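Next come the chains, spelled out residue by residue.
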Amino acid sequence: MADVETRGTAPVVEDLGRTLGALLRAYLVRAQQAVAGVPGGPRGFQVLQLSADQACTNQAGMASTLGLDRTVMTYLLDDLERAGLIERQPDPADRRARRVVLTAEGASTYEAATRAIVQVERETLAGLDDADAAVLRDLLARAAHGLERDAGACDAVAPTGC
């Protein structure tokens, strides 16, 4: 629920866009530093995360889920593949589609990056106690799941959890 304060006769409501923007900017600066060794930074981490969770391994579905243009996704996957973190394999269910699969090095990199991202989340949400931070994550995840999605996109937005 938004904080409402009365000034004069009109209530003042904390702007969701401004507060989400402030959190996102703080998160992205920290996340970029935390996963600087992952090609693509936070986006590359999200690709590794989707692959590791097997929530979405289809290249096109990943692009849609992450809100990336397919061309941008291709370049990102090229960089991750050159780094030895992923492999693209034909999807057994659809030979035209490509699955993104973590390599052993990719799994190790993902585990280390996850620890770093968990710390970033803690720092970003330092103004909340653990219970409130968990509630915020749950509410944000539910709000994200409620958004309209491309029918071909993957169903899950995989949270990192903390």
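Residues numbered from 1 in each chain as written. Predicted model: local features only at pLDDT ≥ 70, side-chain atom pairs only at ≥ 80, totals over all residues. Heavy atoms only, no water.

Examining the overall build of the chain
Of regular secondary structure, the chain possesses six helices and four strands. Restricting to contacts in the chain with at least 6 residues of sequence separation, those with at least 24 account for 51%. Carbon together with sulfur atoms contributes 52% to the accessible area of the chain, which is approximately 10100 Å² in total. (Helix = DSSP H or I, 4+ residues; strand = E, 2+ residues; numbered from the N terminus. Contact = heavy atoms within 4.5 Å. Areas by Shrake-Rupley, 256 points an atom, 1.4 Å probe, with all protein chains shown as cover.)

Thoughts on a nonpolar patch on the surface
A grouping of Leu-16, Leu-20 and Leu-140 is seen on the molecular surface, where their side chains present a nonpolar patch of about 270 Å² in accessible area. By secondary structure assignment, the location of Leu-20 is in helix H1 (residues 16-34). (Patch = residues over 30% accessible without salt bridge, like charges linked within 9 Å, V, L, I, M, F, W, Y side chains within 5 Å. Salt bridge = Lys/Arg side-chain N within 4 Å of Asp/Glu carboxyl O.)

Structural notes on the packing of aromatic side chains
Two measures describe an aromatic ring pair: the distance that separates the ring centres and the angle between the ring planes. The full count for this structure, using the stated rule, is one aromatic pair. With 5.7 Å between their ring centres and 20 degrees between their planes, Phe-45 and Tyr-110 make a pair best called stacked. One end of the pair, Phe-45, is in helix H2 (residues 41-53); the other, Tyr-110, is in helix H5 (residues 104-124), with 65 residues separating them in the sequence. (Phe/Tyr/Trp six-rings, centres within 6.5 Å; stacked < 30°, edge-to-face > 60°.)

Some thoughts on the confidence of the model for the chain
When the pLDDT values of the chain are averaged, the result is 86; 83% of them are 70 or greater. For the chain, per-element mean pLDDT is lowest for strand S1 (residues 4-7), which scores 56, and highest for H5, which scores 97. Residue range residues 156-162 is modelled with pLDDT below 50. Its contacts to residues more than four positions away, or to other chains, number 21 contacts. (pLDDT = per-residue confidence, 0-100.)

Points about the layout of surface pockets
By volume, the second largest pocket is sized at about 370 Å³. Along its surface, the second largest pocket is lined by 15 residues, and Leu-20, Leu-23, Leu-128, Leu-136 and Leu-140 are the ones closest to its centre. Going through the elements one at a time, H1 and helix H6 (130-146) are the ones with two or more residues in the lining of the second largest pocket. Broken down by element, the lining of the second largest pocket gets its largest block of residues, six residues, from H6. Grouping the amino acids of the lining of the second largest pocket by side-chain chemistry returns 11 nonpolar, three polar and one charged. (1 Å grid on protein atoms, 1.4 Å probe; cavity = no way out; pocket = protein on both sides within 12 Å on 5 of 7 lines; lining within 4 Å. Points joined across faces, edges and corners; volume = space filled by probe spheres on them. Nonpolar A, V, L, I, M, F, W, Y, C, P; charged D, E, K, R; others polar.)

With respect to the pairing of strand S3 (residues 86-91)
Of the pairings in the sheet, the one linking S3 to strand S4 (residues 94-102) comprises six bridges and is antiparallel in character. Residue pairing in the sheet places Pro-90 in a bridge with Arg-98 of S4. Taken together, S3 and the strand that follows it, S4, pair antiparallel across an intervening segment of two residues. (Pairing = 2+ DSSP bridges.)

Quick word on the nonpolar core
Judged by nonpolar contacts, the single largest core of 22 residues is most densely connected at Val-47, Leu-48, Met-62, Met-73, Leu-77 and Leu-80. Secondary-structure elements contributing two or more residues to this core are H2, helix H3 (59-66), helix H4 (70-82) and H5. Once residues lying within four places of it in the same chain are set aside, the contact partners of Leu-48 are Val-38, Leu-80, Leu-85, Ile-86, Leu-102, Thr-109 and Tyr-110. (Core = buried A, V, L, I, M, F, W, Y, C linked by side-chain atoms within 4.5 Å. Buried < 20%, exposed > 50% of the residue type's maximum accessible area, 1.4 Å probe, protein only.)

Brief notes about the packing of H3 against H4
Where H3 meets H4, the axes come as close as 9 Å, and the angle between the chain directions of the two elements is 115 degrees. With respect to each other, H3 and H4 are oriented roughly perpendicular. Both H3 and H4 take part in a crossing whose hand is right-handed. Residues Gln-59, Ala-60, Met-62 and Ala-63 of H3 lie in contact with H4, whose contacting residues are Arg-70, Met-73, Thr-74 and Leu-77. (Axes fitted to C-alpha atoms, helices over the stretch in contact; angles between N-to-C directions. Parallel < 35°, antiparallel > 145°, perpendicular 65-115°, else oblique. Left-handed = near helix turned anticlockwise from the far one by under 90°.)

Overview of the packing of H2 against H4
Packed helices, taken two at a time, are described by the angle their axes make and the gap between the axes. As a packed pair, H2 and H4 sit with axes 11 Å apart at the nearest point and diverge in direction by 80 degrees. With respect to H4, the axis of H2 lies roughly perpendicular. Within the contact between the two elements, H2 uses Arg-43, Gly-44, Val-47 and Leu-48 and H4 uses Val-72, Met-73, Leu-76, Leu-77 and Leu-80.

Focus: H3
Looking only at H3, the buried set comprises Gln-59, Gly-61, Met-62, Ala-63 and Thr-65. A side-chain oxygen of the first residue of H3 lies 2.9 Å from the backbone nitrogen of Ala-60; this N-cap is Asn-58. Positive backbone phi, approximately 70 degrees, marks Gly-67, located one or two places after H3. (Polar contact = N/O pair within 3.5 Å; in protein donor to acceptor, adjacent residues only side chain to side chain.)

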